[in-house]
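Geometric and topological summary
Here's the letter readout for the chains.
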Amino acid sequence: MIIKNKKMTSKMTTIMIATIAISAFSLIGSEAYATNSYSWKWADVSQDYFCTSSLTTITKTSHVSPCSNLTTSSNVWEGISGSTWSLTETASSGTPVYAWTSGVSGAGLTVITINNGVPIGAYIAMNKNLSWEDSAQDTSTNGYDWRSATGHEFGHLANMKHSTNTISVMYGSIAENQVRRSPDTHDDSMMAANY
Ligand SMILES: [Zn+2]
């Protein structure tokens, strides 16, 4: 885990960065290493996603480019040994990534719609009211690392559950200023097992 100790204060909060909801059921909490994926899988290992205009309304520092940063955060899941998973940003097809407007806690949410055991659609929503930043560059402010949190949600899109390893991208909560952008060995093994 990368923590900017100089910014650690008692005011820092840790929040869940994602839950995944399947067919209207929310699955929240820690899961054992041995059961890292859900029963469903995408039929196609090449998934499309697109950034909606609402994502530009998030609360952010100037170092965050909400849409273009998605490319960076999705790319971390490609090229993992043993996996052929890929994500392609498109203009308007595939999984939409947009901003939560109100009424939802947490940093991000990935929802997969399942029909007869088969995923038929998905969306990713990010909390627009948190203070988002590029924690590697925004060293003088407190905020949540946009690339870490969006990368985590793309992991859920790839059927990954939460890791109990605190350095994993798929660890289930994140504190302000924490950077967990690069998959660790546990993330890698989950992805290789899935796709
Ligand atoms: Zn999550």
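1. Let's talk about helix α1 (residues 68-75)
- For α1, the complete set of buried residues consists of Asn69, Leu70, Ser73 and Ser74. For α1, the angular spread of the buried residues around the axis is 135°, confining them to a single face.
- Those residues of α1 hidden inside the fold are in contact with β4 (46-51), β5 (86-89), β6 (95-100) and α2 (146-157).

2. Some points on the coordination of the zinc ion
- Surrounding the zinc ion are the protein donor atoms His152 (NE2), His156 (NE2) and His162 (NE2), which sit 1.9 to 2.0 Å from the metal.
- Taken in chain order, the donor set of the zinc ion reads H-x3-H-x5-H. Remark: His162 occurs in the loop between α2 and β11 (173-175) and His152 occurs in helix α2; sequence separation between them is 10 residues. When sorted by exposure, His152 lands in the same class as His162, which is buried.

Rules and cut-offs
- Residues numbered from 1 in each chain as written.
- Predicted model: local features only at pLDDT ≥ 70, side-chain atom pairs only at ≥ 80, totals over all residues.
- Heavy atoms only, no water.
- Buried < 20%, exposed > 50% of the residue type's maximum accessible area, 1.4 Å probe, protein only.
- Helix = DSSP H or I, 4+ residues; strand = E, 2+ residues; numbered from the N terminus.
- Arc of directions from axis to C-beta.
- Contact = heavy atoms within 4.5 Å.
- Donors = N, O, S within 2.8 Å, 3.2 Å for Na, K, Ca; no water.

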